[in-house]
Amino acid sequence: MRRKIIAGNWKMNKDHREGAILAKEIADGFAASRSSCEVVLFPPFTTLPAVMEAIRGSAVRAGAQDIYCEDEGAFTGEISGRMIRALGCTHVLVGHSERRHVIGEGGELLARKLRASLRNGLKPVFCVGELLEDREAARAFEVVTAQVRECCEGLEAEEFSRVVLAYEPVWAIGTGKTATTRDASDMHGIIRMLVKELFGTAAAERVPILYGGSVKPESAPDLLGDAEIDGLLVGGASLKSKSFLDIIPR
Ligand code: PGA
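Here we summarise the structure given alongside this text. Residues take numbers from 1 onward in each chain, read along the sequence in its written order. With the structure being a predicted model, the display of local features is reserved for residues of pLDDT at least 70 and the display and counting of side-chain atom pairs for 80 or more, all residues being used for whole-chain, interface and lining totals. In computing side-chain properties, one takes all heavy atoms of the structure into account and sets aside hydrogens as well as water.

1. Focus: the packing of helix α7 (residues 140–152) against helix α9 (residues 181–199)
Axes here refer to lines fitted to C-alpha atoms; in helices the fit is confined to the stretch in contact. Angles between the N-to-C directions go from 0 to 180 degrees. A run of DSSP states H or I qualifies as a helix once it reaches four residues; a run of E qualifies as a strand once it reaches two. Both are numbered from the N-terminal end. Where α7 meets α9, the axes come as close as 10 Å, and the angle between the chain directions of the two elements is 35°. As α7 packs across α9, the resulting crossing turns out to be right-handed. For the pair α7 and α9, the contacting residues are Ala-140, Phe-141, Val-144, Thr-145, Val-148, Arg-149 and Cys-152 in the first and Asp-186, Met-187, Ile-190, Ile-191, Leu-194, Glu-197, Leu-198 and Phe-199 in the second. When the near helix sits turned anticlockwise from the far one by under a right angle, the crossing is termed left-handed; a clockwise turn instead gives a right-handed crossing. The contact rule is simple, with two residues in contact once any of their heavy atoms fall within 4.5 Å.

Here it is in structure tokens:
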């Protein structure tokens with residue numbers, strides 16, 4: 001059985017003072033719940049040091065929402081995997097749909113970011129997902145598998161063993177529309193088949209595939225009850241400790 005992972009993507013919310021309070025509430029609530037899940041928080045860059053301090057000594061982990069593909073140098077405004085790792089972070093989001101579709105990052109850059117996270121000892125949570133128009137045109141499987149293939153092909157099996165995948169249909173993010181458990185499960189199954197083709201059976205059985213897109217405490221149990229869904233990437237509902245803690249299964 002793969003251990004369930006519950007991740008909170010705070011996006012561009014919570015300054016360092018607010019973030020410290022939220023992270024402490026989550027760390028305390030998670031400890032009290034005695035849940036066996038893995039919990040990871042993704043605060044904004046400037047909030048990360050305060051969050052690392054707030055979760056110190058707890059089982060909660062944290063990471064950045066993005067990194068640059070180089071480790072240092074003349075890249076004004078960018079933050080490297082090395083800097084994130086130096087804070088004690090364990091994870092990084094790569095290819096979130098807002099990076100792809102709002103900021104305009106493409107597959108080639110994302111593949112380099114994925115490698116930068118691995119090189120720096122960070123676990124990438126690599127996000128994929130189709131637009132509404134892709135789903136309506138029955139192209140969802142094709143688009144998502146192409147995104148996985150583009151970034152993961154050519155990785156060594158050992159490198160891929162540190163990758164977490166997250167399926168987040170773009171039309172479900174922040175819209176209140178969750179994919180049905182069936183739709184998510186079908187997509188996860190297709191992704192797992194591709195992983196088997198690229199890296200073999202053991203890798204396919206091991207890789208955690210999270211679902212994200214308008215997850216709420218009400219929809220979480222059904223999604224988590226599906227054997228193909230190894231965890232959740234939560235946006236809006238991760239901004240309040242109560243709703244986030246309510247999503248974490250005991
Ligand atoms: P949402 O965001 O839960 O607010 O839809 C999920 C995400 O973007 O990771």
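2. Quick look at the pairing of strand β3 (residues 61–64)
Two strands pair if DSSP finds at least two bridges between them. Sheet topology note: the strand β2 (residues 38–42)/β3 ladder contains two bridges and is parallel. Looking at the pairing, Leu-41 lines up with Ala-62 of β3. If the strands point away from the viewer and the path from the first strand over the helix to the second runs clockwise, then the crossover is right-handed. After leaving β2, the chain enters helix α2 (residues 48–54) and then returns to the sheet as β3, a path that is right-handed.

3. Focus: the site of the ligand
It suffices for a single heavy atom of a residue to lie within 4 Å of a molecule or strand for the residue to be listed as near it. Taken together, 14 residues surround the ligand, and among them Lys-11, His-96, Glu-168, Gly-174 and Ser-214 come closest. Between the ligand and Glu-168, the relevant distance is 2.7 Å, taken from an oxygen atom to a side-chain nitrogen or oxygen of the residue. Pairs of N or O atoms are called polar contacts if they sit within 3.5 Å, as long as, within protein, a hydrogen donor faces a hydrogen acceptor (for residues adjacent in sequence, only side-chain-to-side-chain pairs). Between the ligand and Gly-236 there is a distance of 2.9 Å, counted from an oxygen atom to a backbone nitrogen or oxygen. In this description, accessible areas are obtained by the Shrake-Rupley approach with a 1.4 Å probe, and a residue is regarded as covered only by the protein chains that are shown. Protein burial of the ligand: of its 290 Å² of free accessible surface, 96% is covered by the chains.

4. Overview of the side chain of Asp-71
Structurally, the position occupied by Asp-71 is in the loop between β3 and α3 (81–86). Here the side chain of Asp-71 touches Arg-119 through a polar contact of 3.1 Å, side chain to side chain. Ignoring anything within four residues of it in the chain, the contact list for Asp-71 reads Ser-80, Arg-82, Arg-119 and Asn-120.

5. Observations concerning the pairing of strand β8 (residues 231–234)
What you see with β8 is no split at all: Gly-231 and Leu-233 on one side and Leu-232 and Val-234 on the other are buried throughout. The pairing of strand β1 (residues 5–9) with β8 spans four bridges and is classified as parallel. Bridging across to β8, Gly-8 finds its partner in Val-234. As paired elements, strand β7 (residues 209–212) and β8 share three bridges and run parallel to each other. Among the inter-strand pairings, Tyr-211 is bridged to a residue of β8, identified as Leu-232. Relative accessibility thresholds used throughout: buried, under 20% of the residue-type maximum; exposed, over 50%; partly exposed, between the two (1.4 Å probe, protein chains only).

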